[in-house]
Amino acid sequence: MKASAVCFMFAGINASSSSGETWKPGLGCPVHGCRLKVARDVFELRRHWKEKHEEITAMFHCSACSFVSKRRYGVIQHYRQRHDRDVPKGSGTCIGSVEYQHNKEFIDPHPFTLESLLR
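In this text the structure is predicted, and so the values were computed from the model without any measurement.

Enquirer: Talk me through unusual backbone geometry; I want residue IDs and the actual numbers.
Expert: Residue Pro111 is reached from His110 by a cis peptide bond, and omega for that bond is 15°. Counting through the fold element by element, Pro111 comes out in the loop between β5 (95-102) and α3 (114-117).

Enquirer: Give a description of the sheet that holds strand β3 (residues 56-62) that names residues and reports values.
Expert: Sheet strands line up and pair through hydrogen bonds in the backbone, either parallel or antiparallel. Strands sit in the order β4-β3-β5 across an open sheet of three strands; the sheet is antiparallel. Here the strands that pair on one side only, and so sit at the sheet edges, are β4 (68-69) and β5. Where β3 meets β4, two bridges bridge the pair, whose relative direction is antiparallel. By the bridge assignment, His61 is partnered in β4 with Val68. Packing of helix α2 (residues 72-82) onto the sheet brings it into contact with β3, β4 and β5, and relative to β3 it is tilted by some 15°.

Enquirer: Give a description of the pairing of β3 that names residues and reports values.
Expert: With six of seven residues buried, β3 is to be regarded as a mostly interior element. Taken together, the six bridges between β3 and β5 define a ladder with antiparallel strand orientation. Among the inter-strand pairings, Phe60 is bridged to a residue of β5, identified as Val98. Here β3 folds back onto β4 in antiparallel fashion, the turn holding five residues.

Enquirer: Please provide a residue-by-residue account of the environment of Glu54, values included.
Expert: Secondary-structure assignment places Glu54 in the loop between α1 (42-52) and β3. Glu54 has contacts with Trp49, Asn103 and Phe106, leaving out every residue within four places of it along the chain.

Cut-off values and rules
- Residues numbered from 1 in each chain as written.
- Predicted model: local features only at pLDDT ≥ 70, side-chain atom pairs only at ≥ 80, totals over all residues.
- Heavy atoms only, no water.
- Helix = DSSP H or I, 4+ residues; strand = E, 2+ residues; numbered from the N terminus.
- Pairing = 2+ DSSP bridges.
- Contact = heavy atoms within 4.5 Å.
- Axes fitted to C-alpha atoms, helices over the stretch in contact; angles between N-to-C directions.
- Buried < 20%, exposed > 50% of the residue type's maximum accessible area, 1.4 Å probe, protein only.

Right, here's the structure in full:
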């Protein structure tokens, strides 16, 4: 193995920053110290990456109360259940503000990028 190649074996994926290996559905996250064991599809991996491996994350606020969620859909579900109001598809009426802040759950993905895994 070349000295410049950094390689991890985690959750069933042997991913290297220089080997050109890519992530495939059913494998976990190759980032050292990350707990995602299995991502069923690209959507799930992207969501995981956004929530765990990006330093800045969006926080979505409910327009009717002080509820906050990392996921836009979390606010929509909350709004429907707690405020007993329907949210028309594609409508953002339940989303108050979006605040960007430091991700408290951040795990440094170096040497990986989402793009390198999905090549």
